Amino acid sequence: YRDDDDINDVASMAGVNLNEESARIMASNSELVGTQIQSCKDEPFLAAIPLHKRILEMAKKLGITDVPAEVVTFISHATQNRLRTVIEKVTVITQHRMESYKDDEWYEQATDVRSQLKFFEQLERLEKQRKDEQEREILLKAAKSRSRQEDPEQARLKQKAKEMQQQELAQMRQRDANLTALAAIGPRKKRKLDSPGLLTIGGEGLGMSGGSQAGLGTPSSRQYARQKITRVNLRDFIFYMEQERETSHSLLLYRALLK
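Residues numbered from 1 in each chain as written. Predicted model: local features only at pLDDT ≥ 70, side-chain atom pairs only at ≥ 80, totals over all residues. Heavy atoms only, no water.

Caption draft 1: View of the side chain of Ser76. One can find Ser76 in helix H4 (residues 69-98). You can call Ser76 buried: its relative accessible area is 0%. (Helix = DSSP H or I, 4+ residues; strand = E, 2+ residues; numbered from the N terminus. Buried < 20%, exposed > 50% of the residue type's maximum accessible area, 1.4 Å probe, protein only.)

Here it is in structure tokens:
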């Protein structure tokens, strides 16, 4: 009993009485003594009846006639665990895809496809504008011509010029009407979202007036916390299946690549 004596000596040297500490612990946890703790009810992830029927159909092909309920529950939990693992991995892949390295000092931008596409779109817009201007000049010249003998092509150009002038006149009238309506309405005021007397707690706005009265804020003053949504697309699933050993050569992967 030398070790116990050494422990008691160390506790006594530190000014700790083991008996008093044990009694204090038992007194603080006295409400837990004698209580019975039961586990929660085991609820399957999948519907038990359709799953049991499907398992029986597959088991009959192998000569099995009876499948106990424990097997159905086990398969249901295995499916839930597998689905959770897949969702977690695909979510990580999606988050990596959505990461932006523009502000990272260790990365420098090599190409900017978006700017290149904008440049080509601007070139196409300018080319289209130039062709429209040329066509407009041709139509105006055809409309100003006063030749007595007109061929069908000249008549068609005059008719098209007349329609173009009417369309431009209608657009000008619509633009003037819109400007008149905006002037009648007056300058629009932006709605203030952050008022000095508004306290946001759990997405609900509480209005504070005078420092002593508190009431629920109006619906316009309520602020809701915007939840970040991770959107997973087919490309993320394809990348996940390519990395997994079980699905890297599966028929499901090839079907996904064909879509």
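Now that the structure is up, let's keep going.
Caption draft 2: Structural detail: a nonpolar patch on the surface. Among the surface-exposed residues, Phe119, Phe120, Leu123 and Leu126 lie close enough to one another that they form a single nonpolar patch of about 410 Å² accessible area. In this fold, Phe120 is placed in helix H5 (residues 113-144). (Patch = residues over 30% accessible without salt bridge, like charges linked within 9 Å, V, L, I, M, F, W, Y side chains within 5 Å. Areas by Shrake-Rupley, 256 points an atom, 1.4 Å probe, with all protein chains shown as cover. Salt bridge = Lys/Arg side-chain N within 4 Å of Asp/Glu carboxyl O.)

Caption draft 3: Spotlight on the confidence of the model for the protein chain. Taken as a whole, the protein chain shows an average pLDDT of 77; of its residues, 72% reach a score of 70 or greater. Low pLDDT, under 50, characterises residues 195-221; the predicted model gives this stretch 33 contacts beyond four residues in sequence or across chains. (pLDDT = per-residue confidence, 0-100. Contact = heavy atoms within 4.5 Å.)

Caption draft 4: Structural view of the packing of helix H3 (residues 48-60) against H4. Closest axis-to-axis distance for the H3/H4 pair is 10 Å, and the angle between their directions is 105°. Taken as axis vectors, H3 and H4 run roughly perpendicular relative to one another. Note on element contacts: H4 touches H3 through Val72, Ile75 and Ser76, opposite Ala48, Leu51, His52 and Ile55. (Axes fitted to C-alpha atoms, helices over the stretch in contact; angles between N-to-C directions. Parallel < 35°, antiparallel > 145°, perpendicular 65-115°, else oblique.)

Caption draft 5: Quick peek at H4. For H4, spanning 30 residues, the distance from its first C-alpha to its last is 43 Å, which sits close to the expected 44 Å at 1.5 Å a residue. If you check which residues of H4 are buried, you get Val72, Ser76, Val86, Val90, Ile93 and Thr94. Against the buried residues of H4 lie H3 and helix H7 (234-243). (Expected span 1.5 Å × (residues − 1).)

Caption draft 6: Looking closely at the side chain of Ser250. Relative to the helices and strands, Ser250 is located in the loop between H7 and helix H8 (251-258). A polar contact is formed between the side chain of Ser250 and the backbone oxygen of Thr247, at a distance of 3.0 Å. (Polar contact = N/O pair within 3.5 Å; in protein donor to acceptor, adjacent residues only side chain to side chain.)

Caption draft 7: Representation of the pattern of salt bridges within the structure. Applying the stated criterion to the full structure yields six salt bridges. As a salt-bridge pair, Lys160 and Glu135 come within 2.8 Å of each other at their nearest N and O atoms. Here Lys160, found in helix H6 (residues 152-185), pairs with Glu135, found in helix H5; they are 25 residues apart in sequence, far enough to count as distant. The partner of Arg136 in a salt bridge is Glu168, with the nearest N and O atoms 3.0 Å apart. With Arg136 in helix H5 and Glu168 in helix H6, this pair connects stretches of sequence that are 32 residues apart.

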